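Here are the chains, one letter per residue:
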Amino acid sequence: MITGGAVAVVAAAAVGGPLVYAAIEGDAPPAPTVQVQPEAVELTADTDGTWAIAPSSTAGYRVEEVLNGADVTVAGTTDQVTGTVVVSGGDLADADVTVDVASITTDSGRRDSYFRDNVMDVDTHPTATFSVTEVADLPELTGTPVTVPVTGELTLAGVTQPVQTEMSVVRTAEGVDVSGSVPVTFADHGIEAPDLGFVRVEDTGSIEFLLHLTL
């Protein structure tokens, strides 16, 4: 996912340079986050069980680049996110999240096409995954978001690396919402941040997500 931001700019050089970026208007929108729930919402106390990721969930990447001397934020996203989250004894016991890399889009179709075919090689690596590897203490969930430190593994383009992040978790009338951002260093996944003259991409970025969980 993050590789799309890191190397998507190569598409500009391959299919028209700055013309690809001419259609991009301003920075990307803010990262999606969980929201405080209205006090009137009725919440179920018990959270133990295996939660499924609902179709309305999203995941993607965010990177910073310098385009013709201007700082620009680029973000790609998809709603093709699947997986499960297991809560046992009030703890976050396990989680496996899979993202369809081919469906990630930004504000440039040309960038996205190059990302899929030339960068990520989605025929070989169609998905990116995140898995929780250590049990995490889960505070009592209410309509007010809480922060949960999480240790896991992130796989991008076939390369798996350990990661640590903090997730925001809130109980909703429909289930549980989870959001967060996982920092990524491109070189850890065999990616060299491009410097093509008219555009230079920072060598770090992040994966961001908003998951809606239902039992």
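Residues numbered from 1 in each chain as written. Predicted model: local features only at pLDDT ≥ 70, side-chain atom pairs only at ≥ 80, totals over all residues. Heavy atoms only, no water.

Student: For this particular structure, what's the right way to read the overall build of the chain?
Tutor: For the chain, the helix and strand inventory stands at four helices and 11 strands. The 215 residues of the chain split such that 46% are buried. Of all intrachain contacts in the chain linking residues separated by at least 6 positions in sequence, the fraction that spans at least 24 positions is 67%. On the chain, roughly 10,000 Å² of surface is accessible, and the fraction owed to carbon and sulfur atoms is 49%. (Helix = DSSP H or I, 4+ residues; strand = E, 2+ residues; numbered from the N terminus. Buried < 20%, exposed > 50% of the residue type's maximum accessible area, 1.4 Å probe, protein only. Contact = heavy atoms within 4.5 Å. Areas by Shrake-Rupley, 256 points an atom, 1.4 Å probe, with all protein chains shown as cover.)

Student: What am I meant to see in empty space enclosed by the protein here?
Tutor: If you roll a probe as big as a water molecule over the atoms, it shows you where there is empty space left. Counted by the stated rule, this structure contains one cavity of 30 Å³ or more. Estimates place the volume of the largest cavity at around 340 Å³. Forming the boundary of the largest cavity are 28 residues, of which Val97, Met167, Val178, Phe209 and Leu211 lie nearest the centre. Here the lining of the largest cavity is composed, by residue class, of 26 nonpolar, two polar and no charged. (1 Å grid on protein atoms, 1.4 Å probe; cavity = no way out; pocket = protein on both sides within 12 Å on 5 of 7 lines; lining within 4 Å. Points joined across faces, edges and corners; volume = space filled by probe spheres on them. Nonpolar A, V, L, I, M, F, W, Y, C, P; charged D, E, K, R; others polar.)

Student: Please explain the nonpolar core as it appears in this structure.
Tutor: Nonpolar side chains in soluble globular proteins generally cluster together in the buried interior. In this structure, Leu154, Val178, Leu211 and Leu213 are the most contacted members of the largest nonpolar core, which totals 45 residues. No other element matches the five residues that strand E11 (residues 199–214) contributes to this core. (Core = buried A, V, L, I, M, F, W, Y, C linked by side-chain atoms within 4.5 Å.)

Student: I keep staring at unusual backbone geometry and nothing clicks. Help me out?
Tutor: Trans peptide bonds make up most of the peptide bonds, and negative phi angles are found at most residues other than glycine. Residues other than glycine seldom take positive phi values, yet alanine 157 does so here, at roughly 50°. Its location among the elements puts alanine 157 in the loop between strand E8 (146–156) and strand E9 (159–171). The class for alanine 157 is partly exposed, based on a relative accessible area of 22%.

Student: Explain the environment of glutamate 64 to me, please; I cannot follow it from the model alone.
Tutor: Along the polypeptide, glutamate 64 turns up in strand E2 (residues 58–67). By relative accessible area, which is 36% here, glutamate 64 ends up partly exposed. Along the sequence, glutamate 64 and glycine 205 sit 141 residues apart, while their C-alpha atoms lie 7.1 Å from each other. Here glutamate 64 is in contact with Val72, Thr73, Arg200, Val201 and Glu202, once residues within four sequence places are set aside. Within polar-contact distance, the side chain of glutamate 64 engages the side chain of threonine 73 at 2.8 Å. (Polar contact = N/O pair within 3.5 Å; in protein donor to acceptor, adjacent residues only side chain to side chain.)

Student: What's the story with the pattern of salt bridges in this structure? I'm lost.
Tutor: Two side chains that carry opposite charge are able to pair once their charged atoms sit near each other. Within this structure, the stated rule accounts for one salt bridge. Among the ionic pairs, arginine 62 bridges to glutamate 208, the shortest N-O distance being 2.7 Å. Taken together, the residues span a long stretch of sequence, with arginine 62 in strand E2 and glutamate 208 in strand E11 at a distance of 146 residues. When its relative accessible area of 7% is taken as the criterion, glutamate 208 is described as buried. (Salt bridge = Lys/Arg side-chain N within 4 Å of Asp/Glu carboxyl O.)

Student: For this particular structure, what's the right way to read the pairing of strand E10 (residues 176–185)?
Tutor: Each regular strand shows side chains that alternate between the opposite faces of the sheet. Burial within E10 is extensive, with seven of its 10 residues counted as buried. The pairing of E9 with E10 spans five bridges and is classified as antiparallel. Bridge pairing in E10 links valine 169 to valine 178. Hairpin connection, E9 to E10: the antiparallel pair is bridged by four residues. (Pairing = 2+ DSSP bridges.)

Student: Help me understand the pairing of strand E6 (residues 127–132) in this model?
Tutor: Pairing of strand E5 (residues 91–100) with E6 involves five bridges; the strand directions are antiparallel. Pairing of valine 97 across the sheet is with phenylalanine 130, part of E6. Taken together, the four bridges between E6 and E8 define a ladder with antiparallel strand orientation. Bridging from a neighbouring strand, valine 132 pairs with glycine 152 of E8.

Student: Before we go on, may I ask you to explain the environment of proline 149 in this structure?
Tutor: Residue placement: proline 149 occurs in strand E8. We classify proline 149 as exposed; its relative accessible area is 53%. Sequence spacing of proline 149 and threonine 165 is 16 residues, and the spatial spacing of their C-alpha atoms is 5.9 Å. With residues near it in sequence (within four places) discarded, proline 149 still touches Ala136, Thr165 and Glu166.

Student: How should I be thinking about the environment of aspartate 177 in this particular structure?
Tutor: Structurally, aspartate 177 is set in strand E10. In this structure, the C-alpha to C-alpha distance between aspartate 177 and leucine 213, residues 36 residues apart in sequence, is 6.0 Å. Those residues in contact with aspartate 177 that sit more than four places away from it in its chain are Val34, Ser168, Val169, Val170, Thr172, Leu211 and His212. At 2.8 Å, the side chain of aspartate 177 and the side chain of histidine 212 are in polar contact.

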